[in-house]
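Take a look at the letters that make up each chain.
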Amino acid sequence: MGDVMKRRDFLLDFSTGLPALALAGLLGGGARAAHAASGKPHHAPKAKRVLQIFCPGGASHLDTFDYKPELEKRDGQPMPGGEKEVSFQGANGNLMRSPWKFVRRGQTGKHVTELLPHLGELVDDMAFVHSMTTRTNTHGPACVMMNTGFVFEGFPSAGSWLSYALGAETDELPAYVAIPDVRGIPPSGPANWTSGFLPAEHQGVAFNASEPIQNLRRPESIRDEEEKATRSFLALLNREHQARYPGNPDLQARIASYELAARMQLSAPEVSALEKESAETHDFYGTRDSNPLIAAYAKNCLLSRRLLERGVRYVQLFCASRASGVDGLLNWDAHKTLKADYERHCPILDKPTTALIRDMKRRGMLEDTLVVWTTEFGRMPTHQQGTLGRDHNPDAFTVWMLGAGVKGGTSHGATDDFGRRSVENVTTIHDFWATILHLLGLNHQKLTFYHNGLERRLTDVHGHVIADILA
Amino acid sequence: MLVVRRFLLLVLPVIGAAAAEEAGTSLIQKRCLSCHNSTQKMGSLSLESREAAVGGGKSGPALDTSNYTGSLLWMKVERGEMPVGNPLPPAERSALRAWLEAGAPWSTPLAVQARARADKSWWSFQPLKIVDPPASPDAPTEWSRSAIDRYLYAAMRTKDLKPSPPADKRTMIRRVAFDLTGLPPLPEEVEAFEKDQRPNAYEALVDRLLASKAYGERWGRHWLDVARFGESHGYEQNHLRSNAWQYRDWVIRSFHADKPFDQMVLEQLAGDVVGKGNPDIEVATAFLVAGPHDTVGNQAEAAKRQQRADDLDDMINATAAGFLGLTVNCARCHDHKFDPIQHADYYRMQALLSGVHHAEREIVTDGERNAWEAKAKPVEQALSDARQRLKSITEKAAGRVTEIRKETLAKYRPPVSPRLTEETFPSVEARFVRLSAPAGAPGGIDEIEVFTRDNRNVAQRTAGATVRASSTRTPEANPEAYSETHLNDGKYDQRWFADGNQAVHVTIELPEATMVNRVAWSSDRNGGFMGRFEAAILREYVLELSADGEVWTKVASSEGRLPPRKDDQEHIVLLAALPREERETYRRLRKEIAEQEARLKEIPALPTVYAGQFRQPEEPAFLLKGGNVMHRVEQVAPASLSTLDGVMEGFTVSPDAPESERRVALARWITHSRNPLTPRVLANRMWHYHFGRGIVGTPSDFGYNGEKPSHPELLDYLASGLHHYGWRLKPLHKEIVMSAAYRQSGAYNEQAGRIDAEARYLWRFPPQRLSAEALRDSILSVAGVLQEDAGGPGFRLYKYTVDNVATYFPLDKFGPDTYRRSVYLQAARSIRPELLAQYDCPDSSLPEPKRVVTTSPLQALSLLNSSFVIDMAEAFAARITREAGEDTEAQIRRAFALAFLREPAPAELTDAKELVSRHGLRAMCRALLNATEFLWVM
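As the structure is a prediction and not an experimental result, all values here were calculated from the model.

Definitions and cut-offs
- Residues numbered from 1 in each chain as written.
- Chains lettered and ligands numbered in written order.
- Predicted model: local features only at pLDDT ≥ 70, side-chain atom pairs only at ≥ 80, totals over all residues.
- Heavy atoms only, no water.
- Helix = DSSP H or I, 4+ residues; strand = E, 2+ residues; numbered from the N terminus.
- Rg over C-alpha atoms; globule rule 2.2 N^0.38 Å.
- Buried < 20%, exposed > 50% of the residue type's maximum accessible area, 1.4 Å probe, protein only.
- Contact = heavy atoms within 4.5 Å.
- Axes fitted to C-alpha atoms, helices over the stretch in contact; angles between N-to-C directions.
- Parallel < 35°, antiparallel > 145°, perpendicular 65-115°, else oblique.
- Left-handed = near helix turned anticlockwise from the far one by under 90°.
- Nonpolar A, V, L, I, M, F, W, Y, C, P; charged D, E, K, R; others polar.
- Phe/Tyr/Trp six-rings, centres within 6.5 Å; stacked < 30°, edge-to-face > 60°.
- Lys NZ or Arg CZ within 6 Å of the ring centre and 35° of its normal.
- Core = buried A, V, L, I, M, F, W, Y, C linked by side-chain atoms within 4.5 Å.
- Pairing = 2+ DSSP bridges.
- pLDDT = per-residue confidence, 0-100.
- Expected span 1.5 Å × (residues − 1).

## Details of the overall build of chain A
In step 1: Secondary structure assignment for chain A yields eleven helices and 19 strands.
In step 2: Rg of the C-alpha trace for chain A: 23 Å, near the compact-globule value of 23 Å for 471 residues, within the 12% margin.
In step 3: Counting every position in chain A, which comprises 471 residues, the buried fraction comes to 66%.
In step 4: Expressed as a percentage of contacts within chain A between residues at least 6 apart in sequence, the contacts between residues at least 24 apart total 76%.

Laid out in structure tokens, this is it:
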């Protein structure tokens, strides 16, 4: 509340005749800082922007990054103490090893599934958190929990918090862009990139390749000359109106918003013009892969880099979508046919993501960009009774981060021998976001917005920075 | 560092031991204690006392008494590891070091300091108090008439502010029309009002607007924000609630009819009780379940309890915040940190609502129910008789059934199975294999295999075979999900599904004529579905072969197979077991039951509304430690909040009393004449919508974290007004909009602006931007296409499809069926239409007592380029041609009159003429709809 008021006061300091450019800064650009009149982070930041990769459906830690030799040994045996366990879809059977081998990768010799050969190259840069926990075992609330810190819908997503705290580094693109998968939106849909009760300008703008922003283009029936004449007439109307009602900064802000819109119309199509990239780059990402799902995700990876390069603060890149009738087909929700499902999903994630990270590294972008890989929960070490898949597990999952401010080649926390529960340095989603905000120069307890009786935070009333994965 | 040490050595004896201790312990108090205290022992460490610090935590002693500066406490601080994420600034670091060097003097234990907070003496929990408005001899006449103005004027004078002059008539009619109806007035109405010289012209206008249907739509929409009303479940599946609109209509109807608010509270919490048999009232309980609800089931016990607790939390929050302005949900895990709301209060309220469940409910008049029962009763009776007779026959034969079960079943072939169904036949040459399912293939097929005698599957695509299905399900969101290619891809993971459950056939064409003798198929070869879909399976089939695809030879069918379901198998055994004479009776009864069941289905079901279901709770409510559903501490009875114990009597409902009594008691307590919160909160909401800002700037939080009232006496005057008017809103609306404060100019005044930029003291009328809905409705209205039809199912701005989860495809072309007021939009959660979302229409997942108003380039883009606005610019252009004829100047004048309610200025007229002559009327209309003047109420 106080911050909003400060901000309003700030706006009111302007008298008439201020150049539109200065207002543009206030509205949509670098000078925008809603959380504090200073517009500065709370302490010196290590990272300036974030790429969040999200694998919806509950990506199995046990078949990707959390190596459990004991699970391999006891494959087919009952899980000690867990014989009668009932999870999300029902009863569980015996322990089930991962269908794939884990192999040592990098200098650190970190075990990674053989199904992610490319991502395995990057382990020395990654900081893993193996002891993640969440509060629900249901996809919809869990996705919202991962992205907003609350199981309820209606709270702002992390990207919106950062847009609110730091604004964008450019006037010409939104501060926060969400890129849903070609297969569709994730569970809970736009609630994953909502601004919740934060001002609407902090909403994640959903990009797609054909039209980066809805209504960006002028309708085809309107020719260039007509557009110019209309906008010049509109400018006259707005000027006259403003002259009649001086002293209302909101009216000036509105005029500025039209100028900004015009600039966005020029720059947003440019950012999604992937054809400007070299053939070598396209092959590196795999945008022309014969598997259309790999190609589509690779294009989104390339688009992500272009957005981040041009000053977008937060890119939220989805790899998979909601379920649709068949578990595990469209996302990482491998209830019944783990092997077939992950042989479909892992190659989509693997090469394009690796290419994106390596490309960013090559360009020096990882100096001040943070990359995080997330999912909403993990999976059970047992097979779901009568199936060859795994049920949901909110008590253990893995995420990783790399790039600016992150100590590569580290692992924080651990699960038990089978990966059923997080037992060492148990980490919450609030800890995870507290750490990310910390890297961006923000104290998670100070980044607040008043709503319905509380100074709300991304980290609710919890969260501790995970110090040992910081460089 | 050196300097500091010397300084301390010199100064210590002078400033004394207490100050030396203070220098260090105050830092620990400030920087460490919030995490390291006796209740919240991070790392098992408390730093409340010297002993505790020496005792240490998980990582060992924090203070080392033999080497203070080598203490863990110092190491952590020096390395910047503590406090986590917030390292000590150099000056504090030096002070801490100096304190340690001085031997860490620490005699007085520390305690986490209680934060400032409200207790029961907080202003909003006090009884309403009427203080006569102070007399202000210097006040202009129009500011001395009403009580409202006298309160405001007196407050204004304390800040050295003066009111603005009255606004002109054109400004006033536009302002009050938007405020009370959300729609612009017609140019003819403006003209008539300007000409009306009667002293009560404005009052007559207000009366007319308050009586209009549009008032209910405008103010109903405000309440729907507070009630977090949405028309889909939200979360992953997000299915539509196609029968939730009745609540929206109830809200609009109630506001329109000026139903007393205490009655509205009662109906929303207990309409099923007080309006039994009266659907117009009963539907109001939809308020309780208007929030999101996760429809994905769950088998895990903790998760089931959590889902239920979260549903109730949403109801508690909506009820407490909406009616009382209390953040009761902050007491879910512990006592409220700022307000006198106990941890137990949360669970008292939970107990009051614990009979409410998310569901739709039959809501009908007694007449409708009787008529339905008159039709259904005889059928139900016949059905029950037939079942009874069947049962007695079956029971008599029980012994014989056991005896002959095995041999009877042995006469049949094994049933079809989702895991594998096979048919073997004498080798025959074929090019085409056709599997027909006359009753459909509900379980789908993951693979069909055709084998040669040497067990070679020749049906696979890789072997050159092709497959065709007579129908295939293609969900729009994922058209390939059930593709026929799954039938012969050699994998058992994905299934082909037919479109619907009618007759279907699948044909495999082999690359060449081949000798074959076996066909196999399955719907769940891997057993992944755990037999859950045994019943949904292809049961009846005919298998045919052909050499040319035209002449077919049947080689196998489902005839002679046991039915897959156990009770169908039992039926076969029973028939064999019955004496011949009873067999006929048995068959006849079975037929009759099937017929009666069909007849019962044919009677149209009674209408339902998503208004919740009510059941007596199976167990009492428990106080949960830390809000953890698995950590029950003690039983809590359904009762009122202790918060208001000082001003009114509370209540407790016996846990054995019918569930409905709890909700009635809650409603009566909320609207009790001594409850000071409800009328204050309501009056403040009204003020908030009239002036764009409440007297309390946090309309759903009257606690410590909320704002204090800018005009407490005025607030109590308005709240008492609600009591005085018998909880009717319209007389209070009238009092407010008749005030001089409301009728003053909105013009800026630099001097006043410097003192009170936001005009909290109402030295001017604060200009407001139209709400998202008012903007869209105004565009429709000015374009002359707004449909007048009110109520009923909402219109959609998306295409809706369901395939387990719901998918909403935003439309980019809208027909006239969508040209209705925005309050009638079917409001699916998360799926806000672009234009409305960008202009700050809330998502309705949480109550929204106060919309944020933003300005962004995305707003400009949607107002410039969306197909809706272009269509409306065209309709607007057509309208002015229709109404003003062919003369360009007349057209322009008409357009300005409709959009801005005024004549164009000379410069505007010249430029408009130029624009219209070169690019037509549409270009000008598009500009007018984008103009600030169109969007702002001054």
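## Overview of the packing of helix 27 (residues 857–865) of chain B against helix 31 (residues 921–930) of chain B
Residue and element names in this part refer to chain B.
In step 1: Axis separation between helix 27 and helix 31 bottoms out at 9 Å; the angle between their running directions is 150 degrees. If you check the angle between helix 27 and helix 31, you find them roughly antiparallel. Handedness of the helix 27/helix 31 crossing: right-handed. Each of A860, L863, L864 and N865 in helix 27 lies in contact with helix 31, whose residues at this interface are R926, L929 and N930.
In step 2: Class assignment for the residues of the contact of helix 27 with helix 31 results in four nonpolar, two polar and one charged.

## Some details on the packing of aromatic side chains
The relative placement of two aromatic rings is captured by the distance of their centres and the angle of their planes.
In step 1: Considering all chains together, one arrives at 47 aromatic pairs over all chains under this definition.
In step 2: Judged by centre distance (6.5 Å) and plane angle (20 degrees), the rings of W223 of chain B and F287 of chain B are stacked. Residue W223 of chain B is found in helix 9 (residues 213–226), and its partner F287 of chain B is found in the loop between helix 12 (279–282) and helix 13 (301–324); the two are separated by 64 residues along the sequence.
In step 3: Among the aromatic residues, those joined into a cluster by ring pairs are F150, F155, W161, Y164, F197 and F449 of chain A.
In step 4: Directly above the aromatic system of F284 of chain A lies the positively charged group of R362 of chain A, at a separation of 5.0 Å from the ring centroid.
In step 5: We note R473 of chain B situated over the ring of F497 of chain B; from NZ or CZ to the ring centre the distance is 4.8 Å.

## Structural notes on the nonpolar core
In step 1: Counting residues in hydrophobic clusters, the biggest one holds 251 residues, and the most contacted among them are F876 and M924 of chain B.
In step 2: Looking at this core element by element, the count peaks at nine residues for helix 10 (residues 338–362) of chain A.
In step 3: Those residues in contact with F876 of chain B that sit more than four places away from it in its chain are V782, A783, A895, L898, A899, C925, L928 and L929 of chain B.
In step 4: Grouped together as the second largest cluster of nonpolar side chains are 51 residues, Y164, V372, I429 and L442 of chain A included.

## Focus: the pairing of strand 5 (residues 127–133) of chain A
Residues and elements named next belong to chain A.
In step 1: In terms of residue burial, strand 5 counts as a mostly covered element, since seven of its seven residues are buried.
In step 2: Where strand 5 and strand 13 (residues 397–403) come together, four bridges link them in antiparallel fashion. The residue bridging A127 from the neighbouring strand is M401, located in strand 13.
In step 3: The pairing of strand 5 with strand 14 (residues 410–412) spans three bridges and is parallel. Looking across to strand 14, one finds that A127 is bridged to T410.
In step 4: Judged from the two bridges that link them, strand 5 and strand 17 (residues 427–428) form a sheet pairing that is parallel. The residue bridging M132 from the neighbouring strand is T427, located in strand 17.

## Notes on the confidence of the model for chain B
All names here are of chain B.
In step 1: Confidence in the prediction of chain B, expressed as mean pLDDT, is 91, and 97% of residues score 70 or more.
In step 2: Overall, residues 1–15 carries pLDDT values under 50, and its contacts beyond four positions in sequence, including any with other chains, amount to eight contacts.
In step 3: Among the scores for the predicted complex, ipTM is 0.79 and pTM is 0.81.

## Comments concerning helix 17 (residues 566–577) of chain B
Residues spaced three or four apart along an α-helix point in a common direction, a consequence of the helix completing one turn every 3.6 residues.
In step 1: Relative to the 16 Å expected for twelve residues at 1.5 Å per residue, helix 17 of chain B spans 16 Å between its end C-alpha atoms, a close match to the ideal helical length.
In step 2: Of all the positions in helix 17 of chain B, only Q569, H571, I572, V573, L574, L575 and A577 of chain B are classed as buried.

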